[in-house]
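# Commentary on secondary and tertiary structure
Below, each chain spelled out in residue letters.
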Amino acid sequence: NAPPASLAASPGPVQALVDATYSGFFKIAPMLAGAQADGANALARNEQFLNMTSGRVLNTVRIPLPALAGGGAALIQVHGSVRVTSEADLVDVTFERCDFSRDGADGRLSVPLPRPKGSLRTTYCDDLMRISRGGRGGVFRLIR
């Protein structure tokens, strides 16, 4: 399976807009672009679940809310599909929907996405940790 032509070709206007938005998030709100600080000072928590059997990916960002806002956390979840490429350590990701909700609250705001594309290359993986590099250069260290 070769990567989709949309990943290899120059990006169309929608993908270019998504790339610019991602870049802006990374500069002004890094937790929304997948960045996370280590240790007790980390405000947002990021989680990523890849299910290669079902071909699904779920990225979740939990952002603590101040006590004045009632405490708890805001949740941002991005759902998508994932596909193994011809390179065993590389997967292509298509993001399909973004959900906004409050931890423990009923209801959510669900926003369809214009199917932006990404990729993830795993450079190290054992029973406790996976290290991957995203298609935009971000490094992700995921610990079980």
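One numbering rule holds for all chains: residues counted from 1, following each sequence as written. Residue-level local features of this predicted model are given only where pLDDT is at least 70; pairs of side-chain atoms are given and counted only at 80 or more, and the full residue set underlies all totals for whole chains, interfaces and linings. Water and hydrogen atoms were dropped before computing side-chain values, which therefore reflect all heavy atoms in the structure.

A count of helices and strands for the protein gives two helices and eight strands. In this text, helices come from DSSP runs of H or I with a minimum length of four residues, and strands from runs of E with a minimum of two, each type numbered from the N-terminal end. Element order for the protein, N to C, with α for helix and β for strand: α-α-β-β-β-β-β-β-β-β. Once local pairs closer than 6 in sequence are excluded, the contacts in the protein between residues at least 24 apart make up 34%. Residue exposure ignores everything except the shown protein chains as possible cover, and the areas themselves are Shrake-Rupley values with a 1.4 Å probe. Surface accessibility of the protein: about 9100 Å² in total, with carbon and sulfur atoms responsible for 60%. Residue contacts are counted whenever heavy atoms from the two residues lie within 4.5 Å of one another.

A contiguous nonpolar surface patch, about 240 Å² in accessible area, is contributed by Phe100, Leu109 and Val111. A 1.4 Å probe rolled over the protein chains alone gives each residue an accessible area, and that area as a share of the maximum for its type sets the label: buried under 20%, exposed over 50%, partly exposed in between. Accessibility expressed as a relative area gives 31% for Val111, which makes it partly exposed. Any residue with relative accessible area above 30% and no salt bridge may belong to a patch, with like charges joined within 9 Å and the nonpolar Val, Leu, Ile, Met, Phe, Trp and Tyr side chains within 5 Å. Just to be clear on terms, a salt bridge is a Lys or Arg side-chain nitrogen sitting within 4 Å of an Asp or Glu carboxyl oxygen.

Attention now goes to the pairing of strand β7 (residues 129-134). Side chains of β7 alternate between two faces, with Arg130, Ser132 and Gly134 buried and Met129, Ile131 and Arg133 left unburied. Bridging between strand β6 (residues 117-125) and β7 involves five bridges; their strand directions are antiparallel. Within β7, the position partnered with Leu120 by the bridge is Gly134. The pairing criterion for strands is at least two bridges between them, as found by DSSP. In sequence, β6 turns back onto β7 through a hairpin of three residues. Pairing between β7 and strand β8 (residues 139-143): five bridges, direction antiparallel. Bridge pairing links Met129 to Ile143 in β8.

Looking now at the environment of Arg133. As for its placement among the helices and strands, Arg133 is situated in strand β7. In this structure the C-alpha to C-alpha distance between Arg133 and Arg121, which are 12 residues apart in sequence, comes to 5.3 Å. When near neighbours in sequence (up to four residues on either side) are disregarded, Arg133 contacts Ser119, Leu120, Arg121, Gly138 and Val139.

Right, let's talk about the confidence of the model for the protein for a bit. A low pLDDT score tells you not to read the predicted coordinates there in detail. In the predicted model, the protein carries a mean pLDDT of 76, and 69% of its residues have values of at least 70. Confidence, read as mean pLDDT per element, is least for helix α1 (residues 5-8) in the protein (42) and greatest for strand β4 (residues 90-102) (91). Predictor confidence is given residue by residue as pLDDT, running from a minimum of 0 to a maximum of 100. Here residues 1-10 scores under 50 on pLDDT; set against residues more than four positions off or in separate chains, the count is 15 contacts.

Further remarks concern the pattern of salt bridges. This structure, assessed with the given rule, holds eight salt bridges. Here Glu96 makes a salt bridge to Arg56, at a shortest N to O gap of 2.9 Å. Of the two residues, Glu96 sits in strand β4 while Arg56 sits in strand β2 (residues 56-64), which places them 40 residues apart along the sequence. Note that Asp92 is salt-bridged to Arg83, the shortest N-O span being 3.0 Å. Among the ionic contacts, a cluster of salt bridges with common partners joins Arg56, Glu96 and Arg115.

A separate point is the nonpolar core. Counting residues in hydrophobic clusters, the biggest one holds 11 residues: Val57, Val61, Ile76, Val78, Val82, Val91, Val93, Phe95, Cys98, Leu120 and Phe140. Mapped onto this core, the elements with two or more residues apiece are β2, β3 (73-84) and β4. The element contributing the most residues to this core is β4, with four residues. In this structure Leu120 touches Gln48, Leu50, Asp89, Leu90, Val91, Arg130, Ser132, Arg133, Gly134 and Phe140, once residues within four positions along its chain are discounted. Nonpolar core, defined: a set of buried Ala, Val, Leu, Ile, Met, Phe, Trp, Tyr and Cys residues in which side-chain atoms within 4.5 Å join the residues together.

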